[in-house]
Amino acid sequence: MKTRWYKDAVVYQIYPRSFCDGNGDGIGDIRGIISKLDYIKSLGVDAVWLSPVYKSPNDDNGYDISDYRDIMDEFGALDDWKEMIEGMHSRGIRLIMDLVVNHTSDEHAWFVESRKKDSNYRDYYIWRKGRGKNGKKPPNNWTSNFVGPAWEYDEQSGEWYLHLFSKKQPDLNWENPKVRQEVADICNYWFDLGVDGFRCDVITYISKRDGLPNGKLKFPLIGNENYIVGPNYHKYIRELNERSFSRYDSMTVGESIGITPDNAFEAIDESVGELDTVFSFDHMGVDFKMNVIPAKFNLAKYKKILDKWQQLPKTCQPTIFLENHDQPRCLPRFSGDYGDKRELAGMALAASMLFMRATPYIYQGQEIGMTNCDFRQEDYQDIMSVNALKMIKRVCPILLPYARKVLLKRARDHARTPMQWTAGENAGFSTVKPWMKLNPNYKEINVEDSESREDSLLNFYRKALAYRKGKDVIICGDFKLVYPKSKDIFAYVREYHGKRLFVIVNFKNKKVDFKLPKDLTFNNCSLALNNYADASKTLKDMKLREYEALVYEL
Ligand code: GLC
Ligand code: CA
């Protein structure tokens, strides 16, 4: 039943609110996506991961779902969605939906019912008595990933409910078998409507440690170790796989904080029947300490992290991504001060990721080299940024200037500025002012301009994707880093049944010497991909130019 098509697939992520507005209200929507299906097809991607489009009061832009079986009014109707998936399938593009089931919206019918103490739905969520006199202190010291305590007091019942994200996102109680069956039913509902898989939101948080024990409080006081890959995590995912995922030719990718190369085998190996793949975030932590404090990017460290995933058995499929809707743009993070070489730098990043043994994900706008935005304080829309600023203003206003500086590097908002389609009004995203600040650089950075130049970053992505399609050496070849300790060069060899691919990328905005490794022998060599027109046709000692990227077949 399972063809494991995802092993040779490239996925394009759409954040619907910011992709394209089809009806002129300033908010991206499904009709907007439909109007861009030919563009998506032209990239050469095989699947789309669509961030949530379900009914939602939008406390966290759709990651707070009030009805899992219907579409958010702002995005359109179920019929629009059906037209969209048909349009994708007729173009050979599969659709991965976002599955957000660690929590629901507090406006979901289950939670509305659950607030009543004697309701059959009480046990769908995690309710506890408070500590201290009168129970007015939260049941434990867990903190929300969106700042502040992870518990909210409910006057009506005199108890607290757990919310690992905003207080409008109560956590579901996965210990309740009824909840687990509801989740399987939701998945099957969408599979029966034709979806090809799910990206499973914070899925490693579903099983909380027995007794919900206090965690160690660590800076920056967000998150906690007592619910990450908890005691029943594997059991619940296996059950869901059996009831749903395994019944379709599906692919799943978990947002899996806590799954590392050391425990990945038990989570994603083909033999275990859980999720097919996971996103891990360690490589996203190289330029941030504790996921927050900006740090200097260290290429050697970054390669070491990725290499560990590459060395897993071939029955464990890694993923690779440089951006998503929760991350700042990759160019300012990993390419340093790229000056006027933005597109060359983007090509270097693309070449470094696209030939690994992995399912690559490209986030909307990455293919044209969109950048971070120079936000003012009032521009931030994301609940995480807004809460962080509020909290600092309240507890330590002296830190505000520093917090603003951090947000300019770290805010999730950077990924959520509207997609830049043209140099025209509202960047071609909408006919009216968009819901979220446009990056003013849309006049230079946009799809229309990228289409007009043969040597654009966009066209480099197209060439690279066309090249990688169907190549065994890329899908399942061995991976070996060359000069793993180099802080300038990211180079690797892929090898499969005597076929080799040599990828060399200069990560820096400076010229760098490259010497052929002593143990490398070959008879023939041909240049398969390059970002400088006059690149060397043969593999030899050379001076790599700024952000030069080269792929050779040996
Ligand atoms: C995931 C999503 C993020 C969301 C959070 C809560 O991390 O990627 O956007 O805010 O889960 O659902
Ligand atoms: Ca709209």
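Above this note sits the structure.
Residues numbered from 1 in each chain as written. Chains lettered and ligands numbered in written order. Predicted model: local features only at pLDDT ≥ 70, side-chain atom pairs only at ≥ 80, totals over all residues. Heavy atoms only, no water.

### Notes on the overall build of the protein chain
Within the protein chain, the secondary structure is distributed over 15 helices and 22 strands. Computed over C-alpha atoms, the radius of gyration of the protein chain comes to 24 Å, within 12% of the 24 Å expected from 2.2 N^0.38 for 554 residues, which places it in the range of a compact globule. On the principal axes, the C-alpha backbone points of the protein chain span a range of 75 × 50 × 50 Å. Counting over 554 residues, the protein chain shows a buried share of 61%. Summarising the internal contacts of the protein chain: among those between residues at least 6 apart in sequence, 70% fall at separations of at least 24. In the protein chain, 81 positive and 78 negative side-chain charges are present, and the distance between their average locations comes to 7 Å. (Helix = DSSP H or I, 4+ residues; strand = E, 2+ residues; numbered from the N terminus. Rg over C-alpha atoms; globule rule 2.2 N^0.38 Å. Buried < 20%, exposed > 50% of the residue type's maximum accessible area, 1.4 Å probe, protein only. Contact = heavy atoms within 4.5 Å. Lys, Arg positive; Asp, Glu negative; His and termini not counted. Charge placed at Lys NZ, Arg CZ, Asp CG, Glu CD.)

### Digging into the environment of Asp171
Residue position: Asp171 is located in the loop between strand S8 (159-162) and helix H5 (177-192). Residues in contact with Asp171, not counting those within four places in the same chain, are Asn102, His103, Tyr124, Tyr125, Ile126, Leu162, His163, Leu164 and Lys208. A polar side-chain atom of Asp171 sits 3.0 Å from a polar atom in the side chain of Asn102. (Polar contact = N/O pair within 3.5 Å; in protein donor to acceptor, adjacent residues only side chain to side chain.)

### Topic: the sheet that holds S8
Pairing within the open sheet is antiparallel, and its three strands lie in the order S6-S8-S7. Each edge of the open sheet carries a strand with a single partner, namely strand S6 (127-128) and strand S7 (151-154). For S7 and S8, the ladder comprises four bridges, and the chain directions are antiparallel. Paired with Tyr153 across the bridge in S8 is Trp160. (Pairing = 2+ DSSP bridges.)

### Observations concerning the coordination of the calcium ion (ligand 2)
At 2.2 to 2.3 Å from the calcium ion (ligand 2) lie its protein donor atoms, namely Asp21 (OD), Asn23 (OD1), Asp25 (OD), Ile27 (O) and Asp29 (OD). All donors to the calcium ion (ligand 2) come from one chain, and their sequence spacing reads D-x1-N-x1-D-x1-I-x1-D. For Asn23, a relative accessible area of 52% puts it in the exposed group. (Donors = N, O, S within 2.8 Å, 3.2 Å for Na, K, Ca; no water.)

### Let's talk about the site of ligand 1
If you check the shell around ligand 1, you find 14 residues, and the closest are Asp60, Asp201, Glu255, His325 and Asp326. Within the contact set of ligand 1, an oxygen atom lies 2.9 Å away from a side-chain nitrogen or oxygen of His103. With respect to ligand 1, the side chain of Asp326 contributes an N or O atom lying 2.5 Å from an oxygen atom. Starting from 310 Å² of accessible surface for ligand 1 in isolation, the protein chains cover 96%. Residues that form the shell around ligand 1 fall into these classes: four nonpolar, three polar and seven charged. (Near = heavy atom within 4 Å. Areas by Shrake-Rupley, 256 points an atom, 1.4 Å probe, with all protein chains shown as cover. Nonpolar A, V, L, I, M, F, W, Y, C, P; charged D, E, K, R; others polar.)

### A word on helix H10 (residues 342-354)
Across its 13 residues, H10 extends 18 Å between first and last C-alpha, which sits within 8% of the 18 Å expected from 1.5 Å per residue. Burial runs high along H10: 13 of the 13 residues are buried. (Expected span 1.5 Å × (residues − 1).)

### Concerning the packing of aromatic side chains
One pass over the structure, following the stated rule, counts 41 aromatic pairs. Where Phe479 meets Tyr492, the ring centres are 4.8 Å apart and the plane angle is 35°; that geometry is what we call tilted. Of this pair, Phe479 sits in strand S16 (residues 478-482) while Tyr492 sits in strand S17 (residues 489-496), and the two are 13 residues apart along the sequence. Grouping residues by exposure puts Phe479 and Tyr492 together as buried. Ring pairs connect the aromatic residues Tyr54, Tyr68, Trp81, Trp110, Tyr121, Tyr124, Tyr189 and Trp190, which therefore count as one cluster. Between Arg69 and the ring centre of Tyr189, over which it is positioned, the NZ or CZ distance is 5.4 Å. A cation over an aromatic ring shows up here: Arg545 above the ring of Tyr532, its NZ or CZ 4.4 Å from the ring centre. (Phe/Tyr/Trp six-rings, centres within 6.5 Å; stacked < 30°, edge-to-face > 60°. Lys NZ or Arg CZ within 6 Å of the ring centre and 35° of its normal.)

### Concerning the pairing of strand S10 (residues 251-255)
Among the five residues in S10, five count as buried, and that is most of the element. Taking every second residue as pointing to the same face, both faces of S10 are buried, with Met251, Val253 and Glu255 on one and Thr252 and Gly254 on the other. Sheet analysis places strand S9 (residues 197-200) next to S10, joined by four bridges and oriented parallel. Within S10, the residue paired with Cys200 across the bridge is Gly254. The sheet contact formed by S10 and strand S11 (residues 277-279) spans three bridges and is parallel. Within S11, the residue paired with Glu255 across the bridge is Phe279.

### Examining the sheet that holds S16
If you trace the five strands from one edge of the open sheet to the other, you get S16-S17-S18-S22-S20, paired in antiparallel fashion. The two strands at the open ends of the sheet, each matched to only one other strand, are S16 and strand S20 (526-530). With strand direction ignored, the average angle separating the axes of adjacent strands in the sheet is 20°. One ladder, built from five bridges, connects S16 with S17; its direction is antiparallel. Looking at the pairing, Asp478 lines up with Glu495 of S17. Here helix H8 (residues 299-310) sits on the sheet and contacts S16 and S17; the angle it forms with S17, its principal contact strand, is near 20°. (Axes fitted to C-alpha atoms, helices over the stretch in contact; angles between N-to-C directions.)

### Looking at helix H11 (residues 383-395)
Between its first and last C-alpha atoms H11 spans 18 Å; for 13 residues at 1.5 Å apiece the expected length is 18 Å, and the two agree. All of the buried residues along H11 are Ile383, Ser385, Asn387, Leu389 and Ile392.

### Regarding the packing of H11 against helix H12 (residues 400-410)
Relative orientation of the contacting elements H11 and H12 amounts to 165°, with a least axis distance of 10 Å. It follows from the interaxial angle that H11 and H12 lie roughly antiparallel. The hand of the H11/H12 crossing is right-handed. For the pair H11 and H12, contact is made by Ser385, Leu389, Ile392 and Lys393 and by Leu400, Ala403, Arg404 and Leu407, respectively. Residue classes in the contact of H11 with H12 are distributed as five nonpolar, one polar and two charged. (Parallel < 35°, antiparallel > 145°, perpendicular 65-115°, else oblique. Left-handed = near helix turned anticlockwise from the far one by under 90°.)

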